[in-house]
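The residues making up each chain are set out below.
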Amino acid sequence: MLNSLSNLFYRRPQLLTALLLGGPLAWIGVVYIGSLFALLIQSFYHLDDFSGTVVHEFTLSTYAELAATANLQIIMRTVVMAALVTLAASIVAFPIAYYAARHARGKWKALFYLAVMMPLWSSYLVKIYAWKLILAKEGIVSWIAATLHLSWLLDGLLSTPIIGGSSLSFSYIGTFLVFLYIWLPYMILPIQAALERVPNDFVEAAADLGATPRQAFRDVIFPLAFPGVIAGSIFTFSLTLGDYIVPQIVGNSRAMIGQAVYTLQGTAGDIPLAAAFTVVPMVIMGFYLLAARRMGAFDAL
Amino acid sequence: MNLTKTATLTLALGTAFWAAASASLRAADMEKELNIVAWPGYIERGESDKNYDWVTGFEKETGCKVNVKTAATSDEMVTLMNQGGFDLVTASGDASLRLVAGKKVQPIDVSKIANWANVDKRLQDAPWHTVDGKHYGTPYQWGPNVLAYNSNVFKEAPKSWSVVFEEQNLPDGKSNKGRVQAYYGPIYIADAAVYLMKKKPELGIKNPYELNKDQYAAALDLVTKQRALVGQYWGDANKQVDDFKNEGVVASSSWPFQVNLIQGDKDAMAKTPIASTIPEEGATGWADTTMMHAEAAHPNCAYAWLNHSLDAKVQGDVAAWFGSVPAVPAACKGNELLTDTGCDTNGAANFDKIWFWRTPIGKCEAEGTCVPYSQWAKDYLAVQGK
Amino acid sequence: MRSEAGWGLKLAAGAGIAFLHLPLALIVLYAFTTEEKSFQFPPPGLTLHWFSAAWFDRPDIWPPLWLSLRVAAIATAFALVFGTLAAAALSRARFFGKDQLSLLFILPIALPGIITGIALRSAFDIMNLPFSTLTIILGHATFCIVVVYNNALARFRRLSPSMVEASMDLGANSFQTFRHIVLPQIASALLAGGMLAFALSFDEVIVTTFTAGQQSTLPIWMLQELIRPRQRPVTNVVAIIVIAVTFLPILAAYYFTRQDEHRQG
């Protein structure tokens, strides 16, 4: 019985493919995508301001509302933050991943692996609250600054327009640092995976052909590792784009997309506008994924 | 898969979206449970502290197993109720009328609730749960939004909310910029309106929750200017305690809960002593109502809980645990946990100075047409973004 | 040949690792603080009290912990089966729309959690599924599948088709081929994907907020504790326990995947 089934699959590979794909496809392709579409449809309704109820008629007025200055600012702020976090995460992650992949050996390698995995395993919320204590006005950073007689430096930083604030934990700097911290492991892991796949022969060949280590890195290793960076950036970018907990705990109360969605669909009951807000990350990530696929990032995810 | 088929299917799913939320409720044949959405600390079964338990006895007596889903914000409460699956919710005034308008809660027959007679007469017909003479729930607890201040900075209690609304030098000679906080919820615009009632009588504000266009614009303008003074808006009570202790916040609208918490902490009081007052303009306050879902699957258990929740002992215990004032005056005397001074500590004497939270709606008594809450929410989000 | 790392690289890597661990050190430190409700720096005193408090006085810790373990385990198992199947299918087959389909499979992880959460919540409503442990698991499985799928796909691509053909030529059926040829080669990728999926599920807050009924997973319990803490250091104690308990499995997984890759050469 098992054999004939097996033969059937061998002769008709499409059948096997269909069977293998059926379950997950039905779930993600129909249920998940279907409800995303439903969310999209909601954004074409609008909220009647007087009664506070949703009017189920096609309109673009909700999108007109989304284009209001305050809402565009929310979108810009979130996208810029996500981009900066992603950029910083790739810069901080690369040396860690590079060392772990190409230099660390034996016990050291295991230690690096643990060092990256451990933060991933400690509670997201407890980590955020720990950061609050680090960044507070009377927290660890300012304590260290005072001990080293560097308070002027911290004060100078905090008096910088836009990114400053009354304390680190009440400023964009704080939000940025916490995002960077929380998502960093998601950047390190794919870069490390991509770097480990760069065959040593390539690097040796480059050296044999007279490339300096710097040239070998720039022309051989980095291009091969870049899909890993893109893969990691999908995580860091999208996670930052939708998070509503971090900016609520550490930051200056200027809303990001996640908070706007959460508030609008909650007490305000403005589901159409909330849905229109969710369309923004959907569109951004859609383009991002298409671009990422071009660069071959999915082989390294 | 055929493309048209996929499209049809997604469209079908789409049309049914949200609207089908209520369909997920299925009545149980035998009521053996009760699902409640509550503020953290509102429904305790002695797991944190054995003395604070008003659930176990209820379960034994009625056979209704109580499941609690705690919600951190009013947003979350409304979201959960919209999605369904719950019998009761302890809604604050910035959520209750919205729940009524959205037909998510049902009128309560108070004659089925023996303890109804115990409820503070002033709360029985309160407008945040009574619509067209129908009661959409029973009062649970209330409290004022006090002005909490650092008593190292203010040797005397500030007399006006102006210390948080207008840029000025505080008694210690330094500006209040970056040292005050405001509540993160849109309902805070009403605090500005309360301040303006005294400060700018020419606006003619009669009720801070019923604002016409001009009055609203003035209140919005005030909170917009306030943005420059506020480092971070506070949303969760405990985080505000941290802010008083570690972030140099010296004055803010607050709840007795935070003030009691800091005053009970010797280390904190040595460093940042906090006291509270109700300024001459009066204050806003919150009064929470236990409301029943329109499609509650366990109505009998729900009614049993509504009655139980108004028991004087339960009311006193909740007030002691949460730092609130009971909706049942009898609870203020003879409760071991609350003690006889507890109600005063939590602000019971201030009832008449308080404008209780309620959801602003378009159709209003004071002005005919008022700015509705959905507008408050959008604008306040924008204010915080400035 | 591996050259010695330059001091610049060492410094950057070391600083990065330090950045990752400073907050963890703090979490450990504040498990010992004498403060009960709100923290300040430096802690006024140290005590071991919270460990005994967590163990003896707080029965409310264990059901959420147990639920989280169950949810993560089931969601991961689910993801291992279906994620591998999907990866196998998409790596070997050629058909119209394959590229679009593979893009689709990334969406649950590429879209922010709040979107996935809201979308799934409405889907469960429509399907008449009451919010329960099952809906939490389905929610988590949605993104766990993607993680496993990605890991498995990368390995399938490197898998030599000639070995599969040789196995079939020698008379093995597809099941035997899978068991003896394919599985050993993809095992380490599955383990790595499974570990990551488990970790993601175990610590997930946002999707869970939307897909849970009255159940609390451990992160939801933490959220409640942090919003209205009674014994705040207890949350740190729980975080430490989780780190301590997962330490050995992570290490074991590491050595397993290493050996496996060495064997493959």
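Residues numbered from 1 in each chain as written. Chains lettered and ligands numbered in written order. Predicted model: local features only at pLDDT ≥ 70, side-chain atom pairs only at ≥ 80, totals over all residues. Heavy atoms only, no water.

1. Focus on the overall build of chain C
Across its full length, chain C holds eleven helices and zero strands. Order of helices (α) and strands (β) in chain C, N terminus to C terminus: α-α-α-α-α-α-α-α-α-α-α. By principal-axis analysis of the C-alpha atoms, chain C measures approximately 70 × 60 × 30 Å. Here chain C holds 265 residues, and the buried ones make up 59% of them. Sequence-distant contacts in chain C: of pairs separated by 6 or more residues, those separated by 24 or more amount to 69%. As presented, chain C carries roughly 10,700 Å² of accessible surface, and 68% of it is formed by carbon and sulfur atoms. Distance between charge centroids for chain C: 4 Å, based on 18 positive and 14 negative side chains. (Helix = DSSP H or I, 4+ residues; strand = E, 2+ residues; numbered from the N terminus. Buried < 20%, exposed > 50% of the residue type's maximum accessible area, 1.4 Å probe, protein only. Contact = heavy atoms within 4.5 Å. Areas by Shrake-Rupley, 256 points an atom, 1.4 Å probe, with all protein chains shown as cover. Lys, Arg positive; Asp, Glu negative; His and termini not counted. Charge placed at Lys NZ, Arg CZ, Asp CG, Glu CD.)

2. A look at the overall build of chain B
Check the secondary structure of chain B and you find 15 helices and 16 strands. For 386 residues, the compact-globule formula gives about 21 Å, and the C-alpha radius of gyration of chain B, at 22 Å, lands near that figure. The principal-axis extents of the C-alpha atoms in chain B amount to approximately 65 × 60 × 45 Å. As displayed, chain B offers around 14,400 Å² of accessible surface, 52% of which is attributable to carbon and sulfur atoms. Counting 38 positive and 45 negative side-chain charges, chain B places the centres of these two groups 4 Å from one another. (Rg over C-alpha atoms; globule rule 2.2 N^0.38 Å.)

3. Some thoughts on the packing of aromatic side chains
Residue and element names in this part refer to chain A. Enumeration over the complete set of coordinates arrives at 53 aromatic pairs over all chains. Consider the rings of Phe 44 and Tyr 63, whose centres lie 5.3 Å apart with planes at 40°: the pair is tilted. Of this pair, Phe 44 sits in the loop between α2 (13–42) and β1 (46–48) while Tyr 63 sits in helix α3 (residues 61–66); the two residues are 19 residues apart in sequence, bridging distant segments of the chain. For Phe 44, a relative accessible area of 24% puts it in the partly exposed group. (Phe/Tyr/Trp six-rings, centres within 6.5 Å; stacked < 30°, edge-to-face > 60°.)

4. What to know about the pattern of salt bridges
The tally for this structure, following the rule as stated, stands at 17 salt bridges over all chains. Through salt bridges with shared partners, a single ionic network connects B:Lys245, B:Asp265 and C:Glu35. (Salt bridge = Lys/Arg side-chain N within 4 Å of Asp/Glu carboxyl O.)

5. Concerning the side chain of B:Asn207
Residue and element names in this part refer to chain B. The residue Asn 207 is located in the loop between α7 (189–199) and α8 (213–227) in this model. Engagement of the side chain of Asn 207 in a polar contact is seen with the backbone nitrogen of Tyr 209, the distance being 2.8 Å. Apart from the residues within four sequence positions on either side, Asn 207 is in contact with Met 197, Trp 355 and Arg 358. (Polar contact = N/O pair within 3.5 Å; in protein donor to acceptor, adjacent residues only side chain to side chain.)

6. Concerning the sheet that holds strand β8 (residues 146–150) of chain B
All names here are of chain B. Strand order in the open sheet formed by four strands is β9-β10-β8-β11, with mixed pairing between adjacent strands. Looking at the sheet topology across the chains shown, the edges are occupied by β9 (180–181) and β11 (274–277). As paired elements, β9 and strand β10 (residues 251–254) share two bridges and run parallel to each other. The partner of Val 180 across the bridge, within β10, is Ala 251. Set on the sheet, helix α9 (residues 237–246) makes contact with β8, β9, β10 and β11; between it and β10 the angle comes to about 165°. Its contacts with the sheet place helix α10 (residues 256–263) against β8, β10 and β11, and it is angled at close to 150° to β11. (Pairing = 2+ DSSP bridges. Axes fitted to C-alpha atoms, helices over the stretch in contact; angles between N-to-C directions.)

7. Looking at α7(B)
All names here are of chain B. Of all eleven residues that make up α7, eight are buried, and the element is covered over most of its length. Taken together, the buried positions of α7 are Ile 189, Ala 190, Asp 191, Ala 192, Ala 193, Val 194, Tyr 195 and Leu 196. On its buried face, α7 is in contact with α6 (162–165), α8, β10, β12 (283–293), β14 (354–356) and α15 (373–384).

8. So, helix α4 (residues 98–110) of chain C
If you check α4(C), its first and last C-alpha atoms are 18 Å apart, about what 13 residues at 1.5 Å a residue would give, namely 18 Å. All of the buried residues along α4(C) are C:Leu101, C:Ser102, C:Leu103, C:Phe105, C:Ile106, C:Leu107, C:Pro108, C:Ile109 and C:Ala110. (Expected span 1.5 Å × (residues − 1).)

9. With respect to a nonpolar patch on the surface
Residue and element names in this part refer to chain A. Together, Trp 143, Ile 144, Leu 148, Leu 150, Trp 152 and Leu 153 make up a nonpolar patch on the protein surface, roughly 630 Å² of accessible area in all. Going through the elements one at a time, α7 (140–147) and α8 (151–158) are the ones with two or more residues in the nonpolar patch. Structurally, the position occupied by Leu 150 is in the loop between α7 and α8. We classify Leu 150 as partly exposed; its relative accessible area is 30%. (Patch = residues over 30% accessible without salt bridge, like charges linked within 9 Å, V, L, I, M, F, W, Y side chains within 5 Å.)

10. Considerations on the confidence of the model for chain C
All names here are of chain C. Mean pLDDT over chain C: 83, with 93% of residues reaching 70 or higher. Per-element confidence in chain C ranges from a low mean pLDDT of 74 for helix α7 (residues 161–169) to a high of 91 for helix α1 (residues 7–29). The ipTM, which scores confidence in the relative placement of chains, is 0.86 for this predicted complex, and the corresponding pTM is 0.85. (pLDDT = per-residue confidence, 0-100.)

11. Observations concerning the nonpolar core
Counting 186 residues, the largest nonpolar core has A:Leu36, A:Tyr124, A:Ile128, A:Leu195, A:Ile245, A:Phe277 and C:Ile114 as the members making the most contacts within it. Membership of the second largest hydrophobic core comes to 120 residues, among which are B:Cys64, B:Leu88, B:Val105 and B:Val164. (Core = buried A, V, L, I, M, F, W, Y, C linked by side-chain atoms within 4.5 Å.)

12. Points about the packing of helix α6 (residues 124–135) of chain A against α1(C)
Interhelical geometry of α6(A) versus α1(C) gives an angle of 90° and a closest axis separation of 9 Å. With respect to each other, α6(A) and α1(C) are oriented roughly perpendicular. For the pair α6(A) and α1(C), contact is made by A:Val126, A:Lys127, A:Ala130, A:Trp131, A:Leu133 and A:Ile134 and by C:Phe19, C:Leu22, C:Pro23, C:Leu24, C:Leu26 and C:Ile27, respectively. Taken together, the residues of the contact of α6(A) with α1(C) break down into eleven nonpolar, no polar and one charged. (Parallel < 35°, antiparallel > 145°, perpendicular 65-115°, else oblique. Nonpolar A, V, L, I, M, F, W, Y, C, P; charged D, E, K, R; others polar.)

13. A short note on the environment of B:Met292
Residues and elements named next belong to chain B. Take Met 292: it is sitting in strand β12. Exposure remark for Met 292: the relative accessible area of 1% places this residue in the buried category. Taking the C-alpha atoms as reference, Met 292 lies 9.8 Å from Met 81; in sequence the two are 211 residues apart. With residues up to four places along the chain from it excluded, the contact list for Met 292 reads Asp 87, Leu 88, Lys 104, Val 105, Gln 106, Ile 108, Pro 299, Ala 302 and Tyr 303.

14. Concerning the interface of chain A and chain C
Facing the 95 residues of chain A at the interface are 95 residues of chain C. Here chain A and chain C share an interface that buries about 8,700 Å² over both sides, 78% of which is from carbon and sulfur atoms. For the interface between chain A and chain C, the tally reads zero salt bridges. There are nine residue pairs in polar contact (both at pLDDT 80 or more) connecting chain A and chain C. Of the residues forming the side of chain A that touches chain C, the biggest block, 17 residues, is contributed by α2(A). Grouping the constituent residues of the side of chain A that touches chain C by class yields 67 nonpolar, 17 polar and eleven charged. (Buried area = accessible area lost by both parts, 1.4 Å probe.)

15. Considerations on the interface of chain B and chain A
One frequent convention defines the size of an interface as the accessible area lost when the parts assemble. Between chain B and chain A, the residue contacts involve 45 residues of the former and 46 residues of the latter. Carbon and sulfur atoms make up 58% of the surface buried where chain B meets chain A, a total of about 3,900 Å² over both sides. Considering only the side of chain B, the residues that lose the most area to chain A are B:Gln232, B:Glu247 and B:Leu381, jointly responsible for 17% of the buried surface there. Between the two partners, chain B and chain A, sit three salt bridges. For the salt bridge of A:Glu138 with B:Lys271, the shortest nitrogen-to-oxygen distance reads 3.3 Å.

16. Side note on the state of the cysteines
All names here are of chain B. Taken as a whole and judged by the stated rule, the model has three disulfides over all chains. Paired through a disulfide, Cys 332 and Cys 343 show a sulfur-sulfur distance of 1.9 Å. Around the S-S axis, the bridge from Cys 332 to Cys 343 shows a dihedral of about -85° and counts as left-handed. Taken together, the residues span a long stretch of sequence, with Cys 332 in the loop between β13 (325–326) and α14 (342–345) and Cys 343 in helix α14 at a distance of eleven residues. Each member of the pair Cys 332 and Cys 343 is classed as buried. If the cysteines joined by disulfides in chain B are listed in sequence order, their pairing comes out as 1-2, 3-4, 5-6. (Disulfide = S-S within 2.5 Å.)

17. Considerations on the pairing of β10(B)
Residues and elements named next belong to chain B. Along β10, one buried face is formed by Ala 251 and Ser 253 and the opposite face, lined by Ser 252 and Ser 254, is buried too. With four bridges connecting them, β8 and β10 associate as antiparallel partners. Looking at β10, one finds that Tyr 149 is bridged to Ala 251.

18. Brief notes about unusual backbone geometry
Each neighbour pair has its own omega, and for C:Phe41 with C:Pro42 the value is -10°, a cis peptide bond. Along the chain, the position of C:Pro42 falls in the loop between α1 and α2 (49–57). One non-glycine residue, A:Ile162, lies in the positive phi region at around 65°. Tracing the sequence through the fold places A:Ile162 in the loop between α8 and α9 (172–196). Owing to a relative accessible area of 68%, A:Ile162 belongs among the exposed residues under this scheme. Here the phi dihedral of B:Lys103 falls at roughly 55°; this positive angle occurs in a residue that is not glycine. Of note, B:Lys103 is situated in the loop between α4 (93–101) and β4 (105–106).

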